[in-house]
Amino acid sequence: MTATVRFTPQIDADIARASTMFINGEWVTAASGETFPVFDPADGQVIAHVPAGGPADVDRAVAAARAALAPGSRWRVMTPQERGRLIWRLADLVEANLERLSALDSIDSGKPADEMRYFDIPFSVDVLRYYAGWPTKITGDTIPISYPASHGKRFHAYTLKEPVGVVAAIVPWNLPLLMAIKKLAPALATGCTVVLKPAEQTPISMAVLAELTVEAGIPVGVVNYVTGLGEVAGAALANHADVDKVTFTGSVPTGKSIVQASAGNLKRVSLELGGKSPNIVFDDADLDAVLEGAAAAAFATQGESCIAGSRLYLQRGIFDEVVRRLSEHAASIKLGRGTAPGTQMGPLISVEHRDRVLGYIKIGTEEGAQVVTGGQAPAGPEYDGGYFVQPTVLVNAHPQARIMHEEIFGPVVAAVPFDTEEEVLELANNTRFGLGAAVWTRDISRAHRMAAAIESGQVWVNCYQAADSALPFGGTKESGWGRETCRETLEEYLETKTVVVAL
Ligand code: NAD
Ligand code: MN
């Protein structure tokens, strides 16, 4: 009997590989023997059964990561040049596997494969190459000290930068490979070791990433990953007494639970927790550019993006035109399976999440908003079983409405008119989040005034979600702690040791 090929032989083999997880250089099942199903969001079919890792598996992975850090270990004695070369080699391997990884993450997350091809995977490569340059540039200081000059002694004082230790990286499902690499790359650059935990919805590409770390020559135990449910495997990592740092991207409630769990051993915590980003358009802006930016802000990655421009503030004179053009565009977006040619928007991640997003649209209309376009699951046999939601534009939401304050994480944007700069600033900052924000205007003074006054981790002027591997990315307020993809990220993975020598 010949086995049937579901996707392609390569993809099928990768999915089969994900029936194990990677601990201490070995492909293993869960100690309990249990698994959980992974669904294809385009049709609701089960595509894989992956190990339901629990505390025993987390213990093994953390022990492997700890052992790889031992004094004298291969990883510990590696020169900065060697460490940088390994990260660069991993970048080359991710790049060489671009089509494979794009297809896998697209199948698993539902996102259009083109988004993977042109953004997630190339950006992952950039992030690795950016951090590959850092190991040779991480230095301490020599510090001229005054103490205790009165005794006439002389001192030589300096700092050493040391890896924080074992890092647990808890990864979300919206950009599976990229989010893993945003955490893995600085950890490797600083000489830490890592236990990755993919989201239960999207564990598959991590199997390929683990294979590539082996091919790159990264020593055994430096990179491990455990699949499992968040409340089980994720919580076990957050609570683990031998994990030195957790880096997490996901929801605010989970972020808060990780902070609470961290109190056990006072482990370091970095958090990237999403947002409710204002996209602010003044009537002097280039409307063609605005339309393109606003559509991407609202609908890229099905709106399952922490920086989704979900609050669209439009100055009164252009409100009708922008809403009309954005709605026409939204209605024309081709929904479909992520890997199908021509698909512009894929399904949402899960049936629960689809219902949550549709629930928010219902709450919005109950609280007085009106749907201009979309608002439902699309009809048609090609959508049967899949978790699709139409791109949706809402108007007339009250400033206190829940849809103006809670992260919907779907293709849903609420457009709100405003008159003055002061008014829109107050509206924009009236949120517990502070991740992204954009301002569209040709008035350069206003652009800088707004950029200074908006409370958020990043502000884009006349563009949306411009991302670069060297640009700090992260949030203020309840959007989280710390910054990713930049120089200061390294500090979050390092400890400073002060050495004082009496001469
Ligand atoms: P979540 O935060 O619960 O899950 C994200 C990751 O955390 C997953 O790997 C999950 O397994 C893990 N996790 C879950 N509970 C945990 C726990 N108690 N301890 C440790 N780890 C745990 O997110 P979700 O339930 O998949 O989605 C809910 C909402 O979160 C979304 O609707 C969206 O608003 C938000 N979200 C934000 C981002 C982002 O990029 N900031 C990504 C995914 C989800
Ligand atoms: Mn959750």
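Owing to the predicted nature of the structure, the values given are computational and were not obtained by experimental measurement.

> Which residues make up the sheet that holds strand E6 (residues 155–163), and what values do they have?
Taken together, 3 strands build an open sheet; the order of strands is E5-E6-E20 and the sheet is antiparallel. Of all strands in the sheet, those with a lone pairing partner are strand E5 (142–143) and strand E20 (494–502), marking the two edges. Judged from the 9 bridges that link them, E6 and E20 form a sheet pairing that is antiparallel. Within the sheet, the bridge partner assigned to Phe-155 lies in E20 and is Ala-502.

> Can you break down the sheet that holds strand E15 (residues 392–395) residue by residue, with the values?
Taken together, 7 strands build an open sheet; the order of strands is E14-E15-E16-E13-E12-E17-E18 and the sheet is mixed. A strand with exactly one partner marks an edge of an open sheet, and here the two such strands are strand E14 (370–373) and strand E18 (460–461). Here E14 runs beside E15; their pairing, made up of 3 bridges, is antiparallel. Within the sheet, the bridge partner assigned to Gln-370 lies in E15 and is Val-395.

> Can you explain helix H5 (residues 98–109)? Please cite residues and give values.
Over its 12 residues, H5 runs 16 Å from end to end, which matches the ideal 16 Å to within 8%, given 1.5 Å per residue. Of all 12 residues making up H5, 11 are buried, and the element is well covered by its neighbours. Those residues of H5 that fall on the buried side of the exposure criterion are Leu-98, Arg-100, Leu-101, Ser-102, Ala-103, Leu-104, Asp-105, Ser-106, Ile-107, Asp-108 and Ser-109. At the exit of H5 stands Gly-110, carrying a positive phi of roughly 90°.

> Describe the side chain of Thr-159, listing the residues and the values that go with them.
Looking at where Thr-159 falls in the secondary structure, it is placed in strand E6. Engagement of the side chain of Thr-159 in a polar contact is seen with the backbone nitrogen of Asp-141, the distance being 2.7 Å. Beyond its immediate stretch of four places on either side in the chain, Thr-159 contacts Gly-140, Asp-141, Ile-143, Thr-496, Lys-497 and Thr-498.

> Summarise the site of ligand 1; cite the residues concerned and give the values.
Taken together, 28 residues form the shell around ligand 1, and within it Val-171, Trp-173, Glu-200, Ser-251 and Arg-356 come nearest. In the model, an oxygen atom of ligand 1 is placed 2.8 Å from a nitrogen or oxygen of the Ser-251 main chain. When ligand 1 is considered free in solution it has 800 Å² of accessible area, and contact with the protein chains removes 88% of it. Only helix H9 (230–239), strand E10 (245–249), helix H10 (252–262) and helix H13 (351–366) provide two or more residues apiece to the shell around ligand 1. Per element, the largest residue contribution to the shell around ligand 1 is 4 residues, and it comes from H9.

> Give me the lowdown on the pattern of salt bridges, citing residues and values where you can.
With the rule as written, the count across this model stands at 29 salt bridges. We note a salt bridge from Arg-446 to Asp-284, for which the minimum N-O separation is 3.2 Å. Residue Arg-446 is found in helix H15 (residues 444–453), and its partner Asp-284 is found in the loop between strand E12 (278–281) and helix H11 (287–299); the two are separated by 162 residues along the sequence. Accessibility expressed as a relative area gives 13% for Arg-446, which makes it buried. A single network of salt bridges, built from pairs that share partners, joins Asp-14, Arg-17, Arg-100 and Glu-211.

> Describe the nonpolar core, listing the residues and the values that go with them.
With 94 residues, the main nonpolar core has Leu-90, Val-94, Leu-188 and Leu-196 as its most contacted residues. With 10 residues, the top contributor of residues to this core is helix H7 (residues 176–189). The residues touching Leu-188, leaving out its near neighbours within four places in the chain, are Trp-75, Arg-83, Ile-87, Leu-90, Ile-218, Val-222 and Val-223.

> Talk me through the packing of H5 against helix H6 (residues 113–132); I want residue IDs and the actual numbers.
The axes of two packed helices give the description: the angle between them and the distance between them. Their axes nearest at 9 Å, the elements H5 and H6 cross at an angle of 120°. By the angle class used here, H5 and H6 are oblique. For the pair H5 and H6, the crossing hand works out as right-handed. Between H5 and H6, the contacting residues are Leu-98, Glu-99, Leu-101, Ser-102, Asp-105 and Ser-106 on the first element and Ala-113, Met-116, Arg-117, Ile-121 and Pro-122 on the second. Class assignment for the residues of the contact of H5 with H6 results in 6 nonpolar, 2 polar and 3 charged.

> Give a description of the packing of aromatic side chains that names residues and reports values.
Within the structure shown, the criterion is met by 9 aromatic pairs. Taken together, a centroid distance of 4.9 Å and an interplanar angle of 85° make the contact between Tyr-130 and Tyr-131 edge-to-face. Ring centres of Tyr-130 and Trp-134 lie 6.4 Å apart, and the angle between their planes is 70°; this geometry places the pair in the edge-to-face category. The class of Trp-134 is buried, set by a relative accessible area of 16%. Members of the aromatic cluster, joined through ring pairs, are Phe-22, Trp-27 and Tyr-225. Above the ring of Trp-27, the side-chain terminus of Arg-17 is found at 4.1 Å from the ring centroid. In this arrangement the basic side chain of Arg-446 is found over the ring face of Phe-282, its NZ or CZ atom lying 3.9 Å from the centre.

Conventions and cut-offs
- Residues numbered from 1 in each chain as written.
- Chains lettered and ligands numbered in written order.
- Predicted model: local features only at pLDDT ≥ 70, side-chain atom pairs only at ≥ 80, totals over all residues.
- Heavy atoms only, no water.
- Pairing = 2+ DSSP bridges.
- Helix = DSSP H or I, 4+ residues; strand = E, 2+ residues; numbered from the N terminus.
- Expected span 1.5 Å × (residues − 1).
- Buried < 20%, exposed > 50% of the residue type's maximum accessible area, 1.4 Å probe, protein only.
- Polar contact = N/O pair within 3.5 Å; in protein donor to acceptor, adjacent residues only side chain to side chain.
- Contact = heavy atoms within 4.5 Å.
- Near = heavy atom within 4 Å.
- Areas by Shrake-Rupley, 256 points an atom, 1.4 Å probe, with all protein chains shown as cover.
- Salt bridge = Lys/Arg side-chain N within 4 Å of Asp/Glu carboxyl O.
- Core = buried A, V, L, I, M, F, W, Y, C linked by side-chain atoms within 4.5 Å.
- Axes fitted to C-alpha atoms, helices over the stretch in contact; angles between N-to-C directions.
- Parallel < 35°, antiparallel > 145°, perpendicular 65-115°, else oblique.
- Left-handed = near helix turned anticlockwise from the far one by under 90°.
- Nonpolar A, V, L, I, M, F, W, Y, C, P; charged D, E, K, R; others polar.
- Phe/Tyr/Trp six-rings, centres within 6.5 Å; stacked < 30°, edge-to-face > 60°.
- Lys NZ or Arg CZ within 6 Å of the ring centre and 35° of its normal.

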